[in-house]
Amino acid sequence: MNKPKMATEKGVPSNSRVLMLLSQLERMNGDAMLADADMARQVTSKILHLIQTQEKTRKEVMSKGSSGMEVILASLENTRDLQTILNILYILNELLTVGGGRRVGVFVSKGGTGVLLQLVLSASKDTPPSEELLLQLHSLLAKVGPKDRKLGVKARLNGALNVTVTLLKQNLQNNKLLLPCLQVLRVYSANSVNAISLGKNGVVDLMFKIIGPYSKKNTTLLKVSLDTLGAMLKSKTNARRAVDRGHVPVLLAVYQDWHRNDTRHRHMLIRKGLLTCLKNVTNIKLGRKAFVEADGMRVLYNTSTECLPVRTLDPLVNTSSLIMRKCFPKNRLPLPTIKSVYQHLLPHLSAGGPVAQLYSQPPGGACRKQVYVKPSRVDDVVDESDDNEEAEGDTENDTENEEDEKDHNAANDDIETDLNKLRPRENPRRPFDELRVYERFFLELSEDFQGFNFETQKTGLTGTQASNKTQRPIILPTAQALPPKRPIPARAESHLAKGEHASSPAPPPPLELDSILISKDQDRPPGHAPRPTPGAGLEQELADKMERVSLEGAGPPSGAGGLGEAAAGRQVQPPLLAGGVAGGVASWRAAGGGVGVEGLGEEGPEEEGAVLEVPDTALLLPLHDPDLYVEMVKSTSSVPRFSEVAYPDYFGHVAPTFREPILERVYGVQRSKIFQDIERMIHPNDILDKVVYDLDVPSCPVLDDGESLKFNSQFESGNLRKAIQVRKFEYDLVLNSDINSNHYHQWFYFEVSGMRVGTPYRFNIINCEKSNSQFNYGMQVLMYSVQEAISGRPRWVRTGTDICYYKNHFSRSSLAAGGQKGRSYYTTTFSTAFSHRDDVCYFAYHYPYTYSTLKMHLAKLEALRTPQIYLRQDVLCDTLGGNPCPLLTITAMPESTSNEHICQLRNRPLVFLSSRVHPGETNASWVMKGTLEFLMGTSPQAHSLRESYIFKIVPMLNPDGVINGNHRCSLSGEDLNRQWQSPVPDLHPTIYHTKSLLQYLAAIQRAPLVFCDYHGHSRKKNVFMYGCSVKETVWQSNINATSCDLHEDMGYRTLPKILSQTAPAFSMASCSFVVERSKEATARVVVWREIGVQRSYTMESTLCGCDQGKYKGLQIGTRELEEMGAQFCVALLRLKRLTSPLELRHHPHLLDVEGDLIETRVKVASSPTTYVLEEDEPAFLEEVDYSAESNDEDPDNDPDNDPQDSLVRSEANQRDSLT
Ligand SMILES: [Zn+2]
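Residues numbered from 1 in each chain as written. Predicted model: local features only at pLDDT ≥ 70, side-chain atom pairs only at ≥ 80, totals over all residues. Heavy atoms only, no water.

**Comments concerning the nonpolar core**
Grouped together as the largest cluster of nonpolar side chains are 128 residues, with contacts concentrated most on Phe-711, Phe-763, Met-1099 and Phe-1128. With eleven residues, the single largest contributor to this core is helix H44 (residues 1118–1139). In contact with Met-1099, not counting residues within four places along its chain, are Val-927, Cys-1012, Asp-1013, Tyr-1014, His-1015, Val-1023, Phe-1024, Met-1025, Leu-1059, Phe-1066, Met-1124 and Phe-1128. Core analysis: the second largest hydrophobic core is formed by 117 residues, Leu-151, Ala-155, Tyr-188 and Leu-278 among them. (Core = buried A, V, L, I, M, F, W, Y, C linked by side-chain atoms within 4.5 Å. Buried < 20%, exposed > 50% of the residue type's maximum accessible area, 1.4 Å probe, protein only. Helix = DSSP H or I, 4+ residues; strand = E, 2+ residues; numbered from the N terminus. Contact = heavy atoms within 4.5 Å.)

Printed below as a string of structure tokens:
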């Protein structure tokens, strides 16, 4: 060490005695110190005396600018005289005891800890070592250690670690020395490598010699030992050692003892320390086993239950619940296989594709459909929760900095850093000849409107009017249905021919319902009902267009009557034919209407021939028509061949006028739900475990003993697979996987009947997959009551209390978890009480919007057409399931057939919109509905918008997914929004043809001005956009910006900026314009890069609600979603004005907006948007519980927002919800 110079600060009196002494000490440093030990002792002893007696001298030594500490440390290093060393150590002890962290900080920064460690080592070599010296050294290290992050590493490297361990072993009975040694060990053990080394040296066992039953003595010692032990048990080797030595029952016994005796809760920290040891030891499989064998579940359950009333003991309850969840034996999902109940054989199997993998089938399987899958030979529900610990040892690599690096990189990991992938890509450019076939979808660009007869056009092109059932809603030929004579390039032909093949497999004889569609025969003879039942004769009446549905054969003769009967016949009766409802209405009407519905359905036999009154919603829901809906359902083809119609889709939904606030989160809900789950294990006899609904049993038996709810989900978009009554008023529900898949569960839509009034029922959806949900942040489920509907309130309302979402004890096999073992499913739980007897209620994840609903809306859209509106509906292609994918063209008719007007039309920029590629994101469809209705509206803005643009809209990119109740995929078992880079026409026809339309436009130099794909977001609030910017991506990554051409038009920000000013639900702060690697095959990125659309967006709407703007604190409803769709149009109009200098001159007020935008640009230039992670919810007290994994070392990597390794990333690609 260089010799420090004792500086005398200005302001400090030069005659300060302590400073003079320090100067003297400084002069002695070096040889003099060694030569004159007496002098050194004297001087240090005088300094010590001064420092012990005068606070002012302590201040002088430690004052800023003073080099006192350097002098003291240099002396400590230089002297070999024990008494001098001790004097200096006493001085340091005095100096560092007061003055808080700053003084210790100075000490550490001057290298003090290193000097101390060196002294520890040399002191240990003395024979005999000086106990006093070692005591003083450890006291000081204990004091300064926590301030030096590197202390543990330094101690290990210089050998001081083992000195302390030896000292400890030799002094177990010497409390005076024991405590400082333990305190130092506590600091050392925080380092994972040290923890392993300490374990090897027998410190785990040593700690158990100190830890003992309740005693008021030596509690500090006990606390420090527990901290040390807790830190060491994080190492798997140490945990295993503790288990092998039988310490787990000891920990439990000691915990119970403290729990019993510490009645005044004075020793919370000791109790918490014991739990922390248990928590860490149960990270390993053997630890969990030992815990369960030692009756740990019951011990912690009972102690926690006793702690619950005392709020201050919450940390104990929370840690206990964490341990119990971890040790809760993992269960299999109660299913024969996790593969979807339904399978759809694909016309073409890509060898490495998900379906081939799932079913191990050779490519090119036969074109037939199969509804029920044979039980699989592979057990894919297997519980592998404990298989992930083959190597239960620790690695001894120094991992000191790992955490920091991980934290630093995690957020930026997914940002695209390959500049080549941020540059436009037009290859492989398809030959124009191949694209020419898409010309027919752009008739407006070539149409000369000569001799144009609007009326003819209308009937010729439009589909079904409500009154005209003989027409299909969409009649333009599809690409496949082109006349064969038409010359099409060979390659396109082959594609299309395959498409044709795909869309017309030879199915087994279709159900009668289908045959109505196929033959367009409205007068199908009765008696051909698919499943003959007492109510089956009614089917024909469905076909009748009328305001009422007559009822002939009511439900089964027995039972409580009313809807109960209806539901009993549910198997065979479409709900809308349910006798009970009609009966209910009949009695309601008999009672004079308007009365409460409590007495519904009591009359029984009198109900025959009663009439079901459909709520008259025509005024409120201009696009809704129940009869038309039924017609649409008939032409919708589903894999399970649904023959029923859900009431909500039939009656329609009128958005409620009352506010639906985001729920305030109640503390402790999650905990109490978990405790109820744990009770299943503690009190197994209380559990009914009664299957009340099961699609895996082909007959799907329905119990009707009056003791259980009745479930149904066999209608469009429904996806309940199984319901198990767990307790009298509690049900476990299992969702079906996406078809041809073994996972993606989140969306749900099911029907419940047979309920009791006023009793809260608890529902647990037990196979959810995302690691967090807005259900934890105020979102409620949606419920639809048929009784309410027929009383004039047909609507979905936000429902449910005690809602939460947490990791459960059902094991997720690695087959469904992207190869990862040891993962669990999550539970969505909610409770609700029903207010009507004999009701039929529906629950959904979000406002349902079926494919048949879309077809109905599109048909009704025709009715909004005026002579000024150009509306054309084409079929873009057929889906794998044989459903037409509609394509809409909306613009204004030319003012006349003059060249000028025709040219004006043809020159309008295009806006390309799409939606609902993800079936579970129903909100996207409601936004699209808002857009479509606005575009067809009569407002001057709508008029102006149509004159400004040609709109090309694919309102549902994934009809099959929607129909079959999928959450994420199409029938190919793939996420279609990951197929845009190279869609396969046979597997992803809607994406292939939509992309082709865009490629065609690019080829004719008409790439759209704006492309936007509507989505829903399950984990964020508000509505927002994702766009693409090279600049902002580069800013967010570590790429050297100078290496990249950063000239970029900021125009991509204009539209979201306008939206943030005009649309109340929209939040600019949530937008991001970063290009992520995991999104390179999404519509947004591909259309931006390959088609060259600068304004290419994903618009995400929350499933939950807003935390800003006019709707702050409210859950989102269909009204707000539809408004968003309309506001999107308004924003396009502003965009038009802003991008057109001519317009600007005529509307100077627009300059304000422009100015605002320019301001934004300036701001952006200095601070681009932050890279938006998927979750932006605040931390919550109970948060710790979400990550309770059986293996805490593996953080719960949510693949959606934290793609840290390739495995996780590949899973992210499969099941990301973002775009
Ligand atoms: Zn999406």
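**Quick word on the sheet that holds strand S11 (residues 781–785)**
Strand order in the open sheet made by the five strands is S6-S9-S15-S11-S12, with antiparallel pairing throughout. Of all the strands in the sheet, just strand S6 (710–712) and strand S12 (796–799) have a single pairing partner and so form its edges. Within this sheet the neighbouring strands show an average axis-to-axis angle of 30°, counted without direction. Pairing geometry for strand S9 (residues 749–753) and strand S15 (residues 840–844), over five bridges, is antiparallel. Among the inter-strand pairings, Val-752 is bridged to a residue of S15, identified as Cys-841. (Pairing = 2+ DSSP bridges. Axes fitted to C-alpha atoms, helices over the stretch in contact; angles between N-to-C directions.)

**Remarks on the coordination of the zinc ion**
His-918 (ND1), Glu-921 (OE), Glu-921 (OE) and His-1015 (ND1) make up the full set of protein donors to the zinc ion, lying at 2.1 to 2.3 Å. Note that the zinc ion binds four donor atoms; their angles at the metal cover 59 to 151°, and the shape is irregular. Each donor residue of the zinc ion lies on the same chain, and together they follow the pattern H-x2-E-x93-H. Each member of the pair, His-918 together with Glu-921, is buried. (Donors = N, O, S within 2.8 Å, 3.2 Å for Na, K, Ca; no water. Tetrahedral: all angles 85-135°; square planar, octahedral: opposite > 155°, others 65-115°.)

**Regarding the pairing of strand S16 (residues 869–878)**
Of all ten residues making up S16, nine are buried, and the element is well covered by its neighbours. Note that S16 and strand S17 (residues 884–892) share nine bridges and pair antiparallel. Looking at S17, one finds that Arg-872 is bridged to Thr-889. From the end of S16 to the start of S17, which pair antiparallel, there are five residues, and Gly-882 there has a positive phi angle of about 85°.

**Brief notes about the sheet that holds strand S14 (residues 823–833)**
The six strands lie next to each other as S5-S7-S8-S10-S14-S13, forming an open sheet whose pairing is mixed. Edge positions in the open sheet fall to strand S5 (690–694) and strand S13 (801–812), since each of these has one partner strand only. Direction aside, neighbouring strands of the sheet carry axes that sit 25° apart on average. With four bridges joining them, strand S8 (residues 730–735) and strand S10 (residues 760–768) adopt parallel strand pairing.

**Digging into the environment of Leu-858**
Within the secondary structure layout, Leu-858 lies in helix H35 (residues 851–861). For Leu-858, a relative accessible area of 1% gives the class buried. Taking the C-alpha atoms as reference, Leu-858 lies 9.6 Å from Pro-955; in sequence the two are 97 residues apart. Beyond its immediate sequence surroundings of up to four residues, Leu-858 is in contact with Gln-873, Pro-886, Leu-888, Leu-932 and Pro-955.

**Overview of the packing of aromatic side chains**
In this structure the tally under the stated criterion is 40 aromatic pairs. Seen in terms of ring centroids, Phe-711 and Phe-763 are 6.3 Å apart; in terms of plane orientation they differ by 85°. Their pairing is edge-to-face. On the criterion of sequence distance, the pair formed by Phe-711 in strand S6 and Phe-763 in strand S10 is long-range, its members being 52 residues apart. For the pair Phe-711 and Phe-763, one class covers both residues: buried. Ring geometry for Phe-775 against Tyr-845: centres 6.0 Å apart, planes inclined by 65°, an arrangement best described as edge-to-face. One end of the pair, Phe-775, is in the loop between S10 and S11; the other, Tyr-845, is in the loop between S15 and H35, with 70 residues separating them in the sequence. Judged by relative accessible area, which is 2%, Tyr-845 ranks as buried. Ring-pair connections join several aromatic residues into one group, and the members of that group are Phe-711, Phe-729, Tyr-731, Phe-748, Phe-750, Tyr-761, Phe-763, Phe-775, Phe-830, Phe-834, Phe-843 and Tyr-845. We note Arg-311 situated over the ring of Tyr-667; from NZ or CZ to the ring centre the distance is 4.2 Å. (Phe/Tyr/Trp six-rings, centres within 6.5 Å; stacked < 30°, edge-to-face > 60°. Lys NZ or Arg CZ within 6 Å of the ring centre and 35° of its normal.)

**Examining unusual backbone geometry**
One can expect most non-glycine residues to show negative phi and most peptide bonds to be in trans. A cis geometry characterises the amide bond from Thr-127 onward to Pro-128, with omega recorded as -10°. With respect to the helices and strands, Pro-128 occurs in the loop between helix H8 (112–125) and helix H9 (131–144). The phi dihedral of Asp-689 falls on the positive side, at around 55°, and the residue is not glycine. When its relative accessible area of 58% is taken as the criterion, Asp-689 is described as exposed.

**Regarding the confidence of the model for the chain**
Here the chain averages 77 in pLDDT, while 72% of its residues score no lower than 70. Segment residues 7–12: pLDDT under 50, and six contacts once partners within four positions in sequence are set aside and those in other chains are kept. The low-confidence segment residues 454–611 (pLDDT under 50) makes 275 contacts with residues lying over four places distant or belonging to another chain. (pLDDT = per-residue confidence, 0-100.)

**Some points on H8**
Taking 1.5 Å as the rise per residue, H8 with 14 residues should run 20 Å; its terminal C-alpha atoms sit 20 Å apart, in good agreement. Among the residues of H8, those classed as buried are Gly-112, Thr-113, Val-115, Leu-116, Leu-117, Leu-119, Val-120, Leu-121 and Ala-123. (Expected span 1.5 Å × (residues − 1).)

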